Amino acid sequence: MGRGKRELGREAKRMAYGDIEKKKKMIIKVGIIILAIIILFVIATIANNYIILDSNTTTNLVINNKNVTSDLRNDILQENGVIYLSEDDIANFFDKHIYLEEENNRIITTYNTKIAEVSLKENVMNINGADKTTSAHAIERDGVIYIPISEMTEVYDIEIGNIEETDVITMDSLDREQRKAVITSNLPVKSSTNFIARTVDRVKKGEEVIVISSDGGYSRIRTPNGKLGYVKTNKLENEYVVREAIPEERQVEGKINMTWDYYSEVGSAPDRTGTTIEGVNVVSPAFFYIDEDGNFRENIGESGEAYIEWAHGNGYKVWPMVSNAVAAKESLEITSKIMNSYQNRKALIENIVDACIKYDLDGINIDFENMKQEDIDLYSRFIIELTPRLDDMGKVVSVDVTAPDGGETWSMCFDRNVIGDVADYIVFMAYDQNGISSTTPGTTAGYNWVELNLVKFLQTEEIDSDKLILGIPFYTRIWTEDANGDVVRNSTVAMENINEVLPEGVQKTWDDDLKQYYVRYQDGEYTREMWIEDVESLKAKVSLVNENNLAGIASWQYGMETDDVWPMLKQELEQ
């Protein structure tokens, strides 16, 4: 018995000792945790009070409060007080259409309302047609062309800051809002709003900082050193607006309802005195064209000036057509000659600018058709170079294009993505699905074809919907086939004349895919077919404007419609 008691006593002592060891280990663990917390607190305190990283290994570039240094494709050059960006970086940040014009060894760059020619040899820059003396020109280093961007603040509408102490260059667009505030105490500027965050800079009480945004009790700022980071919002006071944002203004409020008012090059502008067109807000008369020698011609005269006065008197904007409407073979060669020379394009642009000023026009409608496919990029260059000149004067540039599903010289000659990006409006001429040269009878503009091509414009070509105008036809075609079913001819029929052309009692059949009535009937030895354009077929097509949030419609051509069209268009576009 005594032995058993001794064993129990020893076991109790072992258990007590084990408990003591466990307590010791627990105390050590707690101590380690407390020590870790203290160390983290010290680290956080240091991180929150001292700049960990403040030196730049290369010149930093901050554009509109975003550090884009990692996106630079080449180094920034600074020579004799001039800041240079490479051509590739200008393309990346400002003008993706910049290019070297080899004809005169100049860089051509456009941005918003400016087009500039930058010499590689002389300290002269041409901006919107006027020469300007500069202190530097474009240079080439190791095969890379560099642009003196500090000489081009007027072109890119920017303000440049060069902070030598921190090796930061800032560029701010002058059409964007800028806000500033005063710092209320000395404090660090953090890389994020996390509890532990790197300190990127320090600011002093009384310093002004640029306020980028505020959210959740923190404000993102740009310091006087050009550094971007966060401070608590309650450490800012007296916030004010340095510069208001300049909103984009539309010349026409609401949906565009434009109609082409065509007359031939040998005719005179129609007399519209005393008439109004319900719902229309833009008219496009056939004022300008390129002649057989490639010269810009106007067909305005007294009747045209009276037309402009009539249009403005009724509140209509005037965007006349500029057409290359010469004979098919001549059109290809003459247009190609203009497009292939920067000087020829520039001369045409100057003529258009002068005409807009002379006649107080509100814009231009470029209607070039039948062009060489290989000139696709050069035609885009023409639009790129024209648009800023007219935008600078508050004039609108609209460009007509065909559906992206046709032939080389009628469809594949347009880069719709570039045109839609640059011009104020791109007009899809949604007609001639089966045109005058077709050997197969068919509709002029079936609803399903229009809808399918709108998808291509918006999704494949990536055109902004609010820049896309849908062109609609006020005409159709009557097709004549012989006994073998071969098309022997087709002819255009204005909407207003359709009922006069069709024999009395002809049965009309509604095609729900095309959203049109269809007729087929015998006329002696021939068979006639027509896909009818009327107020219902047009209403179906115009519904696509609202469904896709398009800019509006353009109708070809005024005078071919029926009276019920205008109230329908007005009602549909005002929805």
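Located above this text is the structure these notes cover.
A few points on the structure.

This part covers the environment of N499. With respect to the helices and strands, N499 occurs in helix α10 (residues 498-501). Residue N499 is classed as exposed on the basis of its relative accessible area, which comes to 60%. Taking the C-alpha atoms as reference, N499 lies 9.8 Å from I532; in sequence the two are 33 residues apart.

Okay, the sheet that holds strand β12 (residues 158-163) next. Pairing is mixed across the open sheet formed by 4 strands, whose spatial order is β2-β1-β13-β12. Two strands bound the open sheet, and with one partner strand each, they are β2 (66-67) and β12.

What follows covers helix α12 (residues 565-573). Structural remark: α-helix, 3.6 residues per turn; residues separated by three or four positions point the same way. Taken together, the buried positions of α12 are occupied by V565, W566, M568, L569, E572 and L573. Viewed along the axis of α12, the buried residues span an arc of 160°, placing them on a single side of the element. On the buried face of α12, the contacting elements are β21 (256-261), β30 (468-473), α11 (535-547) and β36 (552-556).

Our focus in this paragraph is the side chain of S537. Looking at the element boundaries, S537 is found in helix α11. The class of S537 is buried, set by a relative accessible area of 1%. Among the polar contacts listed, one links the side chain of S537 to the side chain of E533, at a separation of 2.6 Å. In contact with S537, not counting residues within four places along its chain, are K515, Q516 and I532.

Ranked by size, the top nonpolar core spans 97 residues in total, and within it I352, I366, F368, Y379 and F382 carry the most contacts. Among all residues touching Y379, those that are not within four sequence positions of it are M339, I366, F368, M371, V399, F414 and I419. In this structure, I98, M125, I145 and I158 belong to the second largest nonpolar core, which totals 28 residues.

Counting buried positions over the 6 residues of β30 gives 6, a clear majority of the element. The pairing of strand β29 (residues 425-429) with β30 spans 4 bridges and is parallel. The residue of β30 that forms the bridge with F428 is L470. With helix α9 (residues 447-460) bridging β29 and the parallel β30, this β-α-β connection has right-handed handedness. Where β30 and β36 come together, 5 bridges link them in parallel fashion. Opposite I469, over in β36, you have G552 as the bridge partner.

Turning our attention to the environment of T509. Tracing the sequence through the fold places T509 in strand β33 (residues 509-511). Taking the relative accessible area as the measure of exposure, T509 reaches 45% and is therefore partly exposed. Setting aside residues up to four positions removed in sequence, T509 forms contacts with Q516, Y517 and Y518.

The next subject is unusual backbone geometry. The omega angle of the peptide bond from W556 to Q557 is -10°, so this bond is cis rather than trans. Looking at the element boundaries, Q557 is found in the loop between β36 and α12. Within the chain, N112 stands out as a residue other than glycine whose phi angle is a positive 50°. Relative to the helices and strands, N112 is located in the loop between β6 (106-111) and β7 (114-119). Overall, the relative accessible area of 46% leaves N112 in the partly exposed class. Despite not being glycine, N370 shows a phi value in the positive range, around 60°.

What counts, and at which threshold
- Residues numbered from 1 in each chain as written.
- Predicted model: local features only at pLDDT ≥ 70, side-chain atom pairs only at ≥ 80, totals over all residues.
- Heavy atoms only, no water.
- Helix = DSSP H or I, 4+ residues; strand = E, 2+ residues; numbered from the N terminus.
- Buried < 20%, exposed > 50% of the residue type's maximum accessible area, 1.4 Å probe, protein only.
- Pairing = 2+ DSSP bridges.
- Arc of directions from axis to C-beta.
- Contact = heavy atoms within 4.5 Å.
- Polar contact = N/O pair within 3.5 Å; in protein donor to acceptor, adjacent residues only side chain to side chain.
- Core = buried A, V, L, I, M, F, W, Y, C linked by side-chain atoms within 4.5 Å.
- Right-handed = clockwise from strand over helix to strand, strands pointing away.

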